[in-house]
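# A look at the structure
Here is what each chain is made of, one letter per residue.
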Amino acid sequence: FMSILQNLATYRFSRYFKLCFLIWDVVLLNTAILLSFLERYDSLDRMGLKEVQTVSLLSNVFWILLLIYNDSYRIIRIERIENILLRMIKMIIMQSALIAGFVLVLKYSEISRLRILYFYVIFFMLLFVSRIIFMKALKYIRAQGYNFKNVIIIGANDSGEHIRKILSKDLTFGYRVLGFFDDTVDPFAYIGAPILGGFEAIKDYVVKEKVDEMYIALHIDNITIINELTALCERNMVRIKFLPDFQLYTKSRKVEISFYENTPVLMLRKEPLEITFNLLLKKGFDLVFSFLVIVLLFPWLFPIIAILIKLDSPGPVFFKQQRSGRENESFTCLKFRTMKANPAVEYKQATKNDSRVTRMGAFMRRTNIDELPQFFNVFWGTMSVVGPRPHMVRHTKQYSELINNYLVRHYAKPGITGWAQVNGFRGETKELIEMKDRVDHDIWYIENWSLLLDLKIIYLTIYNVFQGEENAY
């Protein structure tokens, strides 16, 4: 087996990956079609119907076109398997939407909706298992020392060391960092690979050694040597990659680069919710989730809670307050009233053993029941199920002057629950550092949003309700 791997390692199969994956996916898709008919009808008799054949053909065509258009078969060695699976899920959702629209518009009566559901469930499972097996196999091959790319880094500095750590983090990424080249080594930077020489030594090394990729981590002042290295790599079939020196503008390592025609534009952070598809996906989820809660939970639970609140203390059932929303625009946030009527409610946070909190209010705060009316905010569009928690307008003004990136959290709609809350950052903020930690978690959520992350946060929120939270008061 090892000798087979050694022989295969001498070939470059990367160029054939896309074609092989495309063919394999078509095989899986048509297998899923066959299995869905067997599951629905216990036979393949209905596959001969004209409408069924048309939809099956379109399923193949749409899948191929979507994958090619979105370049979903690109192989990024350091990409996590979760990202690959997420791309797969997005493609299935897009393809199913196209098929559903096609069936509805043409009013195909011979198409079983249940059979289509079976098809997508089976297709998803086949794709999921095949992707896992492929990634595991690829990781095993690389762990044995095959399918590696030899890399040199030009620039013995913090940027060069940072890319070395990324490439060397996991052996299964398939990178072998041979070393650094630089005329002047940064005395304050820890360099975790050998210094192979200065700029003059690069040419001989590239010619004599088998170098696959070169990473340039030099300041733009070295434009002459950068141009020479570019020409050297082009002559010797070495792929050259540049680490842009954006630290001149920001210390953030989470920048996003977009192209306005052929001009690269650097942005401080990526925002997945600025992508129309993601925004529509989150909006659709919010509408469906909030509608189900309102219809299934509120008709019987709300009257019970309203009666208990009234019996516990005089005052209204609901508490309304102006909170800061997306783009820092204020909105009326709904909650069940948990405190006795008091003038300090507009500026003073609830504290542990707060005398203003009623007995019923304490229970609702521990269980997050007081937040349930905010599903109306979600349905109206002023809030989301998951997002940074909305703060009082007064606190927004106060903290935005003390924390530089505080208002970044308002790039997204506020949520009933959020990443900061499920990580323990909720309730009273006694120290400025506590609010800073909360803001950092909110910004992380904005930069890393996905529907799977929202589902995870919802699960953790429910889990914490039953487990109990120290800061829930």
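Look a little higher up for the structure.
Let me sum up the structure you'll find in this document.

Thresholds applied
Residues numbered from 1 in each chain as written. Predicted model: local features only at pLDDT ≥ 70, side-chain atom pairs only at ≥ 80, totals over all residues. Heavy atoms only, no water. Helix = DSSP H or I, 4+ residues; strand = E, 2+ residues; numbered from the N terminus. Contact = heavy atoms within 4.5 Å. Areas by Shrake-Rupley, 256 points an atom, 1.4 Å probe, with all protein chains shown as cover. Core = buried A, V, L, I, M, F, W, Y, C linked by side-chain atoms within 4.5 Å. Buried < 20%, exposed > 50% of the residue type's maximum accessible area, 1.4 Å probe, protein only. Axes fitted to C-alpha atoms, helices over the stretch in contact; angles between N-to-C directions. Parallel < 35°, antiparallel > 145°, perpendicular 65-115°, else oblique. Nonpolar A, V, L, I, M, F, W, Y, C, P; charged D, E, K, R; others polar. Polar contact = N/O pair within 3.5 Å; in protein donor to acceptor, adjacent residues only side chain to side chain. Arc of directions from axis to C-beta. Salt bridge = Lys/Arg side-chain N within 4 Å of Asp/Glu carboxyl O.

What the protein contains, in helices and strands, is 16 helices and 11 strands. Restricting the contact set of the protein to residue pairs at least 6 apart, pairs at least 24 apart contribute 70%. Put simply, the protein shows about 26,600 Å² of open surface, and 62% of that area lies on carbon and sulfur atoms.

This next bit is on the nonpolar core. Counting residues in hydrophobic clusters, the biggest one holds 32 residues, and the most contacted among them are Ile305, Phe336, Leu372, Phe375 and Tyr445. By residue number, the principal contributor to this core is helix α10 (residues 298-312), which donates 5 residues. Residues within four places of Phe375 in sequence aside, it is in contact with Phe289, Ser290, Val293, Ile294, Phe298, Val385 and Ile416. Formed by 26 residues, the second largest nonpolar core is a distinct cluster that contains Phe37, Ile111, Ile122 and Leu127.

Moving on, we get to the packing of α10 against helix α11 (residues 359-367). Across the interface, α10 lies against α11 with an axial gap of 8 Å and an inter-helix angle of 140°. With respect to their mutual orientation, α10 and α11 come out oblique. Listed contacts from α11 to Ile305, Leu308, Ile309 and Asp312 of α10 are Arg359, Met360, Gly361 and Met364. Residue composition of the contact of α10 with α11, by class: 5 nonpolar, 1 polar and 2 charged.

In this section: the environment of Asp286. One can find Asp286 in helix α9 (residues 276-296). The exposure class assigned to Asp286 is buried, which follows from its relative accessible area of 5%. Residues Asp286 and Gly381 lie 95 residues apart in sequence; the distance between their C-alpha atoms is 8.6 Å. Look past the residues within four positions of Asp286 in its chain and what remains in contact with it is Val378, Met383, Ser384 and Val385. Among the polar contacts listed, one links the side chain of Asp286 to the side chain of Ser384, at a separation of 2.7 Å.

Every buried residue belonging to helix α13 (residues 393-402) is among His395, Thr396 and Tyr399, and all of these are buried. One side of α13 holds all its buried residues, which, seen down the axis, span an arc of 100°. Relative to its buried face, α13 has exposed residues pointing more than 90 degrees away, namely Lys397 and Glu401. Of the surrounding secondary structure, the elements contacted by the buried residues of α13 are β8 (318-324) and α15 (432-447).

What follows is about the pattern of salt bridges. Following the criterion strictly, the structure yields 12 salt bridges and no others. Among the salt bridges present, the one from Asp212 reaches Lys210, with a minimum N-O distance of 3.8 Å. Residue classification places Asp212 among the buried positions, given a relative accessible area of 10%. Taking relative accessible area as the criterion, Lys210 reaches 54% and is therefore assigned exposed. Across the salt bridge formed by Lys335 and Glu371, the nearest N and O atoms sit 3.9 Å from each other. Of this pair, Lys335 sits in strand β9 (residues 330-336) while Glu371 is found in the loop between α11 and α12 (374-380), placing the two residues 36 residues apart along the sequence. Accessibility assignment for this pair places Lys335 and Glu371 in one class, buried. In the salt-bridge network here, residues are joined through shared partners; they are Lys335, Asp370, Glu371 and Arg389.

Functional significance is not addressed by these values, which are geometric in nature.
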